[in-house]
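Each chain is listed here by its residues.
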Amino acid sequence: MPFQQESGLICCHFSFNVVRVLKKTIENSLTETIGNTFRPHFADLQALLLKCLQDETSNRVRVAALKAVGSFIEFTHDGDEVVKFREFIPSILNVSRQCLAAGEEDVAVIAFEIFDELIESPAPLLGESVKSIVQFSLEVSSSQNFESNTRHQAIQIISWLAKYKSASLKKHKLVVPILQVMCPLLAESNDRDEDDDLAPDRAAAEVIDTMAVNVPKHVFSPVLEFSSLSSQNANPKYREASATALGVISEGCSEYMKDKLEQVLDIVLGALRDPEQVVRGAASFAIGQFAEYLQPEIVSHYQSVLPCILSALEDASEEVKEKSYYALAAFCENMGEEILPFLERLMAKLLGALQNSARNLQETCMSAIGSVAVAAEQAFIPYAERVLELMKAFLVLTRDEDLRARARATELVGIIAMSVGRTGMEPILPQFMEAAISGFGLEFSELREYTHGFFSNVAEILDDGFIQYLPHVVPLVFSSCNLDDGSAVDIDESDDENVNNFGGVSSDDEAHDEPRVRNISIRTGVLDEKAAATQALGLFALHTKGSYALYLEESFKILVKHSGYFHEDVRLQAIIGLKHILTAAREVFQNHNEGAAKANEMFDTVMNVYIKTMTEDDDKEVVAQACTSIADIIKDYGYGTVEPYMPQLVDATVSLLREESACQLTESDDDIDDDDTEHDEVLMDAVSDLLPVFAKSMGSHFAPIFAKLFEPLMKFAKASRPPQDRTMVVACLAEVAQNMGAPIAGYVDRVMPLVLKELASSDPTNRRNAAFCVGELCRNGGDGTLKYYDGILRGLYPLFGESEPDDAVRDNAAGAVARMIMVHPESIPLNQVLPVFLKVLPLKEDHEESMAVYTCVSTLVLSSNSQILSLVPELVNVFAQVVASPVETSEVKALVGRAFLHLISLYGQQMQPLLSGLPAAHANALAAFSSNN
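About the criteria used
Residues numbered from 1 in each chain as written. Predicted model: local features only at pLDDT ≥ 70, side-chain atom pairs only at ≥ 80, totals over all residues. Heavy atoms only, no water. pLDDT = per-residue confidence, 0-100. Helix = DSSP H or I, 4+ residues; strand = E, 2+ residues; numbered from the N terminus. Contact = heavy atoms within 4.5 Å. Phe/Tyr/Trp six-rings, centres within 6.5 Å; stacked < 30°, edge-to-face > 60°. Buried < 20%, exposed > 50% of the residue type's maximum accessible area, 1.4 Å probe, protein only. Axes fitted to C-alpha atoms, helices over the stretch in contact; angles between N-to-C directions. Parallel < 35°, antiparallel > 145°, perpendicular 65-115°, else oblique. Left-handed = near helix turned anticlockwise from the far one by under 90°. Nonpolar A, V, L, I, M, F, W, Y, C, P; charged D, E, K, R; others polar. Disulfide = S-S within 2.5 Å. Expected span 1.5 Å × (residues − 1). Bend = angle between axes of the 7 residues up to and from the residue. Polar contact = N/O pair within 3.5 Å; in protein donor to acceptor, adjacent residues only side chain to side chain.

### Considerations on the confidence of the model for the chain
Scored by pLDDT, the chain comes out at a mean of 83, with 79% of its residues at no less than 70. Across the chain, the secondary-structure element scoring lowest on mean pLDDT is strand β2 (residues 520-521), at 38, and the one scoring highest is helix α41 (residues 807-823), at 97. Confidence over residues 1-35 falls short of pLDDT 50; this stretch has 45 contacts with residues more than four positions distant or in other chains. The low-confidence segment residues 667-677, where pLDDT is below 50, has 33 contacts with residues more than four positions distant or belonging to other chains.

### Points about the environment of C365
Tracing the backbone shows C365 in helix α22 (residues 359-376). In this structure, the C-alpha to C-alpha distance between C365 and L350, residues 15 residues apart in sequence, is 6.0 Å. Setting aside anything within four residues of it in sequence, one finds C365 in contact with Y325, L350, A353 and L354.

### A word on the packing of aromatic side chains
Following the criterion strictly, the structure yields 15 aromatic pairs and no others. With a centroid separation of 5.9 Å and an interplanar angle of 50°, the aromatic rings of F454 and F455 are classed as tilted. Judged by relative accessible area, which is 0%, F455 ranks as buried. The interplanar angle of 50° and the centroid separation of 4.7 Å between the aromatic rings of F710 and Y747 together place this pair among those described as tilted. In this pair, F710 is assigned in helix α36 (residues 703-714) and Y747 in the loop between α37 (723-740) and α38 (748-758), connecting sequence segments 37 residues apart. In terms of burial, F710 and Y747 fall into one category: buried. Taken together, the aromatic side chains of F694, F702, F706, F710 and Y747 make up a single cluster linked through ring pairs.

### Let's talk about the packing of α36 against α38
Relative to each other, α36 and α38 sit at 30°, their axes nearing to 13 Å. Here α36 lies roughly parallel to α38, going by the angle between them. Viewed along their axes, α36 and α38 form a crossing whose handedness is left-handed. Two secondary-structure elements touch here, α36 through F710, E711 and M714 and α38 through R750, V751 and L754. Taken together, the residues of the contact of α36 with α38 break down into 4 nonpolar, no polar and 2 charged.

### Describing the state of the cysteines
A complete count under the given rule lists 0 disulfides for this structure. The thiol of C627 is not disulfide-bonded; the next cysteine sulfur, from C663, is found 8.4 Å away. Classification of C627 by relative accessible area gives buried; the value is 0%.

### With respect to helix α29 (residues 549-562)
Note: α-helices contain 3.6 residues per turn, so residues at a spacing of three or four share the same orientation. The end-to-end C-alpha distance of α29 is 20 Å, a good match for the 20 Å that 14 residues give at a rise of 1.5 Å each. For α29, the principal kink sits at S555 and spans about 25°. Of the positions making up α29, those classed as buried are Y551, L552, S555, F556, I558, L559 and H562.

### Quick word on the side chain of N865
Mapping N865 onto the fold places it in the loop between α43 (850-862) and α44 (866-869). A distance of 2.9 Å separates the side chain of N865 from the backbone nitrogen of Q867, its partner in a polar contact.

### Describing unusual backbone geometry
At the junction of Q295 and P296, the peptide bond is cis and its omega measures out at -5° in the coordinates. With an omega dihedral of 5°, the bond running from L841 to P842 counts as a cis peptide bond. As for its placement among the helices and strands, P842 is situated in the loop between α42 (830-839) and α43. For E659, which is not glycine, the phi dihedral falls at a positive 60°. Mapped onto the secondary structure, E659 falls in the loop between α34 (646-657) and α35 (681-698).

### So, the packing of helix α31 (residues 595-616) against helix α32 (residues 620-637)
Their axes nearest at 8 Å, the elements α31 and α32 cross at an angle of 140°. Judged by the angle between their axes, α31 and α32 are oblique. Viewed along their axes, α31 and α32 form a crossing whose handedness is left-handed. Residues F603, V606, M607, Y610, T613 and M614 of α31 form the contact with α32, whose participating residues are V622, V623, A626, C627, S629, I630, I633 and Y637.

See below:
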């Protein structure tokens, strides 16, 4: 370039002026044509900017170049052009550090704006430079010498990297260094307004949360170590940070926290007793998070957790009280009968607080009462009348500041209705329905949202009794579904994805490398309202069926439209609702001359929506629900109805098993270890559940399809995969073997070593599934399984002993032995096996194994097998308990009854002493059965 030949001062001024003109030109040319204007000169301009960034003779040139790069990169979209900016990063960092040292923070933060653009780009451009970007961002984040805004922008860069380039952080071993800075930031004193979104502790919590969601395996141990040490710190801010950190990671790191729950709870319950209010408040928050995300394991600790929460409800601090009520609501929501010993004390506190507290606490109390009602079920009925009477006062509130409380009250009435049931609720329902409907005139989206939930609950308890309300409520639901949600891409100064708690087109945090749609202005209340209304449409159709005819077509149009809605909460409810619409359509059209064609058209639309969702939707929960809905349709309609869609269904299932669908896309600019890829367990469980459904509907004809699915499925069975993956595979294979039958024989040698290993798993679910699977492999796998019999019996034997703590595991082990005996009794040493086998009977928990187990026993008895006839006292005891059991089916009881009658025919009066030795209830049950037969 010509300027390179100029000497010192002239070169400096020329460079500065060129860069300044370039920057002004870019800033003043905010049109789509700017890229085309500069495109032929990009290479030269980038070289110029880089040289100016490195100009050692003038700070003015370097700063001007930094500003120009910030403007320039916004109009650089071509991947190759953006990648060239990678070589700019060291110079950008150098200039920014100089600006910070000189107190020019407003200039230095341009670096963060540039990094933001680079992170947003789908091009693989960061490479090794991610390490220097993180180091610089951490330096700025941790320095209290800088302004809040500067530090916040630095922390935000870490957050974006964690969200969109998490594999880069793993690859370059940056997770722990980031946490070593972010965790202590949680303890930084904040003398400003608590709601200051720029506060470092808040921003750091967001980073830790994001990292926990995206790289949980790498986050949990460092955070637990920080919390363990900080819980003993003399500084209360560190003790607060200890509890906060554990609360923040509980969503993303849930599986790892469940394994260390006692240690985690020890820290947080200790914090709940801390003398400092801020520490107790953080502990209450953490308990609420645990209750939400560490289910169901957290409930098993109710004896230690619930009393601590109840004590915290008496706290002198209103903040601690409010957080404790939130924790109580979240904790009780997943409890069952465990809540009964605490019910009276809980309701006394909640009812007292409901009548004597500020509005915000009343709202939280109503949420907690709802959770208690769900947990207590019928036991809540004695409190229902009192609560419903109190709700009447809330349901007539009309002031703007009271409408949130009215919304909560409406929700609570619906929850209580579910506990009380149709008989108790139907007579008093009209007044509550009238109050709920009148709330639509108050123009408050959250009230409408909760009212739609109330309508859904009422439809569920009334079933066909809800028909009378359809003309009043369906138009209201249609209105909410058709609301303008205000979604649009704004150009403003805000770049905080938490402004609307909505980042990108989907909030699925694993869509790492999809370009972010930033600054979306969305009325989030309307989104929630749409989701609740969409759910209501499906439930109305499900429960009123043929009587929903008048509204069916419009509801169907809305649900199809919402299945492609931009937000996943609405899409999820649409996917569920479409299945319910099909249920109603079957009844609506069954007696219509032209109904069959219309029903088929709707069915075709729904199936195409579901298949498209499986492959193209970017939210894992939505895709999982599509898989579940398809499985339900196959069960309800049969294989013949879905046969035309099988090629697409199989392709979509293969894609999901290979983790190649849209919702499973991960970063493209890093080498990701296949075994280290973290997936959504709910999604893969739903996908793997499709295979047994296919097999059940097709029988042995499933074999050629299974051949395509087997290898992708077995990828999850590798030793490097977590236990949940392996047991998912084993459970799937067990049901496929059960339903496909003889063709499973071709897979026995590949599958049996995995299953035998899982019999010794430390996880009871894995042992249970393995025992079930080994039995089905033996039942359907042909003679190829015989060579494994000795190994199988050795693997099953410990599951019959006292060292096995899980009844369901033992029941499935009994089922496996029963199947083995039925197919190859000659290969089983019955004299050794039967005494052990009968000792664990009757079955205690998994009664799905009853037919296999008692068919085996009955067959042996009826054939007068000498080995089993030597165990008559044990048999009589088992038979008596089965016949007296309230959970066993009449079919099972008939099996053992016939065997018992055969024993009587063989031994006659010799049986009398055995019968006399039985408990009276068991003896009477056997006697009654014998006399009836």
